[in-house]
Amino acid sequence: MFKQISRGLRSILYAAGCAMFLQAGAWAQTITTNTDSFSPASKPAHEIFGLAIFALAITGGIFVVVAAAMFYAVIRYRRRKDDDGSEPPQIFGSVQIEIAWTVIPIIIVVVLFLTSARLIFAIKDAPRPKSALNITVVGHQFWWEIRYPGLGIITANEIHVPVSTKADPQPTYIKLLSADVVHSFWVPQLAGKTDAIPNHVNETWIEPTHTGIYKGQCSQFCGAEHAKMLLRVYVDTPAQFEAWVKQQQQPAVEDPAVAAGREVFMHNACMNCHEIRGTEATGRFGPDLTHVASRDTLASGSVMNNPANLRQWIENPDYFKPGVLMPAMHLSSQQLDQVTAYLDTLH
């Protein structure tokens, strides 16, 4: 019997090893998300971090007091060799102790409640300056649509905002929507998580004080590919942000060298799901691809954007993102090369 069990275990381990080996190529190219809420870089995140430390200090103090009392009782009243086994004197009821262990927890809860409520309303009701940037973020299964209504820009999975300084405050106000199920927008270093709910508008805001790239993700389980519904926030200098806006406002550039790839894209179902401004592709089901080559990542932040990954993504989206809603188009090798070359020119 033990030999049979051993053979069974070996078979299971062998099968698991083969599966891991086959997926190693995809895993090696995926991007891990390092989100750190203990390194705030935005005004709302700093306030949330302060509240978290305050609550941690109070609960940590409670833990130390309770653990010390328990440790003392265990040592002080442990059973000794000379104990005669008789029950020690019993004390039933103490008004002072009962008042203390009732009033003190109530005071702690009230303090934490009032502190949390004050912070929630301070963030929610913060005045919106005229210089604020307004964007709309729409959660889809499983990617983020980013709209800049005042600038005429639509992109996906990568948000660009200007840095905010004391001399020139530049907060970004975000309107959150959902195209299907409940999602949750969360960039830990910039703000607390806020749900994106179907048929309901939620709002949040960020005010980054340092340039850089800040990673986030959907923090509400929304389906099979929830874990790979990532996003990035690029905090640019004013000059960098202005240059990015000018680039994104341009229509797709026609390059005669990749005309064959454009024809492949336009004569397949790609144009029914994706939009490329300046062309007949006007689909809205998938991300806008007008400037897809300018993005650092593919598949909602899952893999780096380069020609090899782009070709593999078009050929078989399940390779990087099992369960993704984008279908494989079953293109020939030549067509894959052509459409990849075309999309790689859309900067």
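Fair warning: this is a prediction, and the values are worked out from it, not measured in the lab.

Details of the UniProt feature "domain: Cytochrome oxidase subunit II copper A binding" (unreviewed entry) in the chain
Thinking step 1. The UniProt feature table records "domain: Cytochrome oxidase subunit II copper A binding" (unreviewed entry) at residues 130-247.
Thinking step 2. Across residues 130-247, helical content stands at 8% and strand content at 47%; the span's end C-alpha atoms are separated by 24 Å.

What to know about the environment of valine 95
Thinking step 1. You can see valine 95 is positioned in helix α3 (residues 95-124).
Thinking step 2. Among the residues examined, valine 95 registers a relative accessible area of 58% and is labelled exposed.
Thinking step 3. On a C-alpha basis, the gap between valine 95 and isoleucine 197 in space is 50 Å, while along the polypeptide they are 102 residues apart.

Some details on the confidence of the model for the chain
Thinking step 1. For the chain, the mean per-residue pLDDT works out to 87, and 90% of the residues sit at or above 70.
Thinking step 2. Taken together, the stretch residues 1-30 has pLDDT below 50 and engages in 14 contacts with residues farther than four places along the chain or on a different chain.

Some words on the nonpolar core
Thinking step 1. In terms of nonpolar packing, the biggest core is built from 30 residues, with Val137, Trp144, Tyr148, Ile159, Phe185 and Val233 touching the most fellow members.
Thinking step 2. If we skip the residues at most four places from it in the chain, valine 233 touches Ile159, Val161, Val187, Leu190, Ile206, Gly212, Ile213 and Tyr214.
Thinking step 3. In terms of nonpolar packing, the next biggest core, distinct from the first, is built from 25 residues, Phe265, Met266, Trp313 and Tyr342 among them.

Things to note about a nonpolar patch on the surface
Thinking step 1. A contiguous nonpolar patch, built from Phe54, Val95, Ile99, Val103, Ile107 and Val111 and spanning about 500 Å² of accessible area, is present on the exposed surface.
Thinking step 2. For the nonpolar patch, the element with the most residues is α3, which contributes five residues.
Thinking step 3. Along the polypeptide, isoleucine 99 turns up in helix α3.

Digging into helix α2 (residues 43-76)
Thinking step 1. Between the first and last C-alpha of α2 there are 49 Å, a value that for 34 residues agrees with the 50 Å anticipated at 1.5 Å per step.
Thinking step 2. Considered for burial, the residues of α2 that qualify are Pro44, Ala45 and Leu51.
Thinking step 3. Residues of α2 that are buried sit in contact with α3 and β8 (202-206).

Notes on the packing of aromatic side chains
Thinking step 1. Tallying each qualifying case throughout the model produces eight aromatic pairs.
Thinking step 2. With a centroid separation of 6.2 Å and 85 degrees between ring planes, the pair formed by phenylalanine 38 and phenylalanine 49 is classed as edge-to-face. Remark: phenylalanine 49 occurs in helix α2 and phenylalanine 38 occurs in the loop between α1 (2-29) and α2; sequence separation between them is 11 residues.
Thinking step 3. Pairing tyrosine 319 with phenylalanine 320 gives two aromatic rings, centres 5.0 Å apart and planes at 75 degrees, and the pair type is edge-to-face.
Thinking step 4. A residue is classified by how much of its surface remains accessible, and tyrosine 319, at 25% relative accessible area, is partly exposed.
Thinking step 5. What makes phenylalanine 320 buried here is its relative accessible area of 1%.
Thinking step 6. Ring pairs connect the aromatic residues Tyr148, Phe241 and Trp244, which therefore count as one cluster.

Examining the packing of helix α5 (residues 259-266) against helix α8 (residues 333-343)
Thinking step 1. Where α5 meets α8, the closest approach of the two axes is 7 Å, and the angle between their N-to-C directions is 105 degrees. Taken together, α5 and α8 sit at an angle that is classed as roughly perpendicular. In contact with Ala260, Gly261, Arg262, Val264, Phe265 and Met266 of α5, α8 contributes Gln335, Gln338, Val339, Tyr342 and Leu343.
Thinking step 2. Partitioning the contact of α5 with α8 into residue classes produces seven nonpolar, three polar and one charged.

Structural notes on helix α4 (residues 238-248)
Thinking step 1. Those residues of α4 that fall on the buried side of the exposure criterion are Phe241, Trp244, Val245 and Gln248. Looking down the long axis of α4, one finds its buried residues gathered within 100 degrees of arc, a one-sided arrangement. When the buried face of α4 is taken as reference, the exposed residues oriented beyond 90 degrees from it are Ala239 and Lys246.
Thinking step 2. Looking at the buried positions of α4, the neighbouring elements they touch are β1 (133-140), β2 (143-148), β3 (153-156), β4 (158-162) and β10 (230-236).

Brief notes about the sheet that holds β2
Thinking step 1. Spatially, the five strands line up as an open sheet ordered β3-β2-β1-β5-β8, and their pairing is mixed. The open sheet has two free edges, formed respectively by β3 and β8, since each of these has just one partner strand. Recorded for the sheet is a direction-independent mean angle of 25 degrees between the axes of neighbouring strands.
Thinking step 2. Pairing analysis gives seven bridges linking β1 to strand β5 (residues 172-178), with the strands arranged parallel. Paired with glycine 139 across the bridge in β5 is serine 178.
Thinking step 3. Contacting β1, β2 and β3, α4 crosses the sheet at an angle of about 100 degrees to β3.

Reading the values: the criteria
- Residues numbered from 1 in each chain as written.
- Predicted model: local features only at pLDDT ≥ 70, side-chain atom pairs only at ≥ 80, totals over all residues.
- Heavy atoms only, no water.
- UniProt positions renumbered as here; feature names shortened; annotations may be inferred.
- Helix = DSSP H or I, 4+ residues; strand = E, 2+ residues; numbered from the N terminus.
- Buried < 20%, exposed > 50% of the residue type's maximum accessible area, 1.4 Å probe, protein only.
- pLDDT = per-residue confidence, 0-100.
- Contact = heavy atoms within 4.5 Å.
- Core = buried A, V, L, I, M, F, W, Y, C linked by side-chain atoms within 4.5 Å.
- Patch = residues over 30% accessible without salt bridge, like charges linked within 9 Å, V, L, I, M, F, W, Y side chains within 5 Å.
- Areas by Shrake-Rupley, 256 points an atom, 1.4 Å probe, with all protein chains shown as cover.
- Salt bridge = Lys/Arg side-chain N within 4 Å of Asp/Glu carboxyl O.
- Expected span 1.5 Å × (residues − 1).
- Phe/Tyr/Trp six-rings, centres within 6.5 Å; stacked < 30°, edge-to-face > 60°.
- Axes fitted to C-alpha atoms, helices over the stretch in contact; angles between N-to-C directions.
- Parallel < 35°, antiparallel > 145°, perpendicular 65-115°, else oblique.
- Nonpolar A, V, L, I, M, F, W, Y, C, P; charged D, E, K, R; others polar.
- Arc of directions from axis to C-beta.
- Pairing = 2+ DSSP bridges.

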